[in-house]
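Reading the structure
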Amino acid sequence: MTAEPAQPAALTDEAAIARVLSGDASAFEAIVRRWQAPLVNLAWRFCRDRTRAEEMAQEAFLRAWRNLAQFRGESAFSTWLFSLAANVYRTEIRRLPSMPLSLDDVAEPQDPRRAVAEALEETSRDESVRRAVLALPAKYRDAILLFYFHEQDVPAAARTLNIPEGTVKARLFRGRELLRSKFARPASRTRRLSNAASLAAHQHKEAR
Amino acid sequence: MPRPNSDFVPAPLTDADIARAFSSPRDSIMPSSGFAASVMAAIAHDTAAPAPIPFPWKRALPGIAAVAAALTLLIAAVVSMVRSAPAAPASPVQTGALDTAALLPFLHSTQDTNVAVWTAVTLGAVIVSLVFFRRLLSTR
């Protein structure tokens, strides 16, 4: 009885890498299938645009494919892959910002009707927080995004960003401070509108 | 239930708010069904693409060496010019008497000695450039 070649999805990362490096390009599919969801989700957190997130994730996989020989196995493959992907995403976002907003724009959009519409359509506060994080300076934005992407694991975020854990903690602290200061402003017109929208939604729910 | 009054202000942002914003199920997406196939197609395309043409260092090396030699000659010529400058007669402009007849000996003395060098360097640079580019463009 001869052993059949392993299906791509059944291969471990190490086995898939070995096969890819020995010339079997199709083995890379196991890596893509295993890591596509995390990589697309990480990209989504950076850009908030599904199409662009998939494009960015594809670029990350392509980069991983081209540089696979540089993976020495000194760390987990996922660490290497996330680090590479985060670099790709940061470069992409720097090249073409997904949200041309400043932190001020997040709290006080120019068109109040738009703010109301957004507040009604989305979970306004969560969405405001996400938008505010994307409007932070890159180093704080990256620390917060990676920290929550890794389910609040500082060492994992530090490995992905390739910076010391202490730096991640400092950036998290400063980033949160910036967010808090933003959301702690006196009730602006936008906030009142947002509150009104939340209240309207709540009353609508109660009425039903 | 929140009350509809004018001084209604939401609670300040907490770490829990931030965590909720990023950990709620709404904050994740599933890759589209064709994503993996699309990545593999891109990889197949990448594999099929011809390797980038490397710079022809072997062909370029003689040209680079010739340019370097020309540059060295140029620098040497400039240095020799600077060294020989004090031997030249004082410029009539510096002496204050701006006379065309008085300028001629100065011009002759500064130019005659270097004209040949400069002409040679310029011709050499042109020839080297021509040879270099012909070599680069010629088929193997």
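To be clear, the structure that these remarks concern was listed above.
Residues numbered from 1 in each chain as written. Chains lettered and ligands numbered in written order. Predicted model: local features only at pLDDT ≥ 70, side-chain atom pairs only at ≥ 80, totals over all residues.

1. Side note on the overall build of chain A
- The number of helices and strands found in chain A is eleven helices and zero strands.
- Ordered by position in the sequence, the α and β elements of chain A form the string α-α-α-α-α-α-α-α-α-α-α.
- Classification of the 208 residues of chain A by burial places 37% in the buried group.
- Long-range contacts, defined as pairs at least 24 residues apart, comprise 63% of the intrachain contacts of chain A with a sequence gap of at least 6. (Helix = DSSP H or I, 4+ residues; strand = E, 2+ residues; numbered from the N terminus. Buried ≥ 20, exposed ≤ 12 C-beta atoms within 10 Å, placed from the backbone. Contact = placed C-beta atoms within 7 Å.)

2. Notes on the nonpolar core
Residue and element names in this part refer to chain A.
- In terms of nonpolar packing, the biggest core is built from 61 residues, with Leu39, Ala43, Ala85, Tyr89 and Ala143 touching the most fellow members.
- Of all the elements, helix H2 (residues 28–47) adds the most residues to this core, at twelve residues.
- Mapped onto the domain boundaries, this core takes at least three residues apiece from domain 1 (8–95) and domain 2 (103–207). (Core = buried A, V, L, I, M, F, W, Y, C linked by C-beta atoms within 7 Å. Domains from an automatic or database assignment.)

3. Considerations on helix H4 (residues 77–95) of chain A
- For H4 of chain A, built from 19 residues, the straight-helix expectation of 27 Å at 1.5 Å per residue is met to within 8% by its first-to-last C-alpha distance of 27 Å.
- Of all the residues in H4 of chain A, the buried ones are Trp80, Leu81, Phe82, Ala85, Ala86, Val88, Tyr89 and Ile93 of chain A. (Expected span 1.5 Å × (residues − 1).)

4. Description of the packing of helix H1 (residues 13–21) of chain A against H2 of chain A
All names here are of chain A.
- At their nearest, the axes of H1 and H2 sit 8 Å apart, and the two run at 145° to each other. Residue-level inspection shows Asp13, Ala16 and Val20 of H1 in contact with H2, the latter providing Phe28, Ala30 and Ile31.
- Its residues placed into classes, the contact of H1 with H2 shows five nonpolar, no polar and one charged. (Axes fitted to C-alpha atoms, helices over the stretch in contact; angles between N-to-C directions. Nonpolar A, V, L, I, M, F, W, Y, C, P; charged D, E, K, R; others polar.)

5. Section: unusual backbone geometry
- Residue Arg48 of chain A is not a glycine yet carries a positive backbone phi of 60°.
- Turning to its location among the elements, Arg48 of chain A is positioned in the loop between H2 and helix H3 (50–66).

6. Quick word on helix H10 (residues 165–183) of chain A
- With 19 residues, H10 of chain A should cover 27 Å at 1.5 Å per step; its first-to-last C-alpha distance of 27 Å lies within 8% of that length.
- Taken residue by residue, H10 of chain A has Val168, Arg171, Leu172, Gly175, Arg176, Leu179 and Phe183 of chain A as its buried positions. Down the axis of H10 of chain A, the smallest arc covering the buried residues is 130°, so these residues share one side. Of the exposed residues in H10 of chain A, those oriented more than 90 degrees away from the buried face are Gly166, Phe173, Glu177 and Ser181 of chain A.
- Buried residues along H10 of chain A sit in contact with helix H7 (124–134), helix H8 (138–149) and helix H9 (154–161) of chain A together with helix H1 (15–23) of chain B. (Arc of directions from axis to C-beta.)

7. Some words on the interface of chain B and chain A
- The interface is formed by 32 residues belonging to chain B together with 33 residues belonging to chain A.
- Ranked by residues supplied to the side of chain B that touches chain A, first place goes to helix H2 (residues 35–48) of chain B with nine residues.
- Taken together, the residues of the side of chain B that touches chain A sort by class into 21 nonpolar, six polar and five charged.

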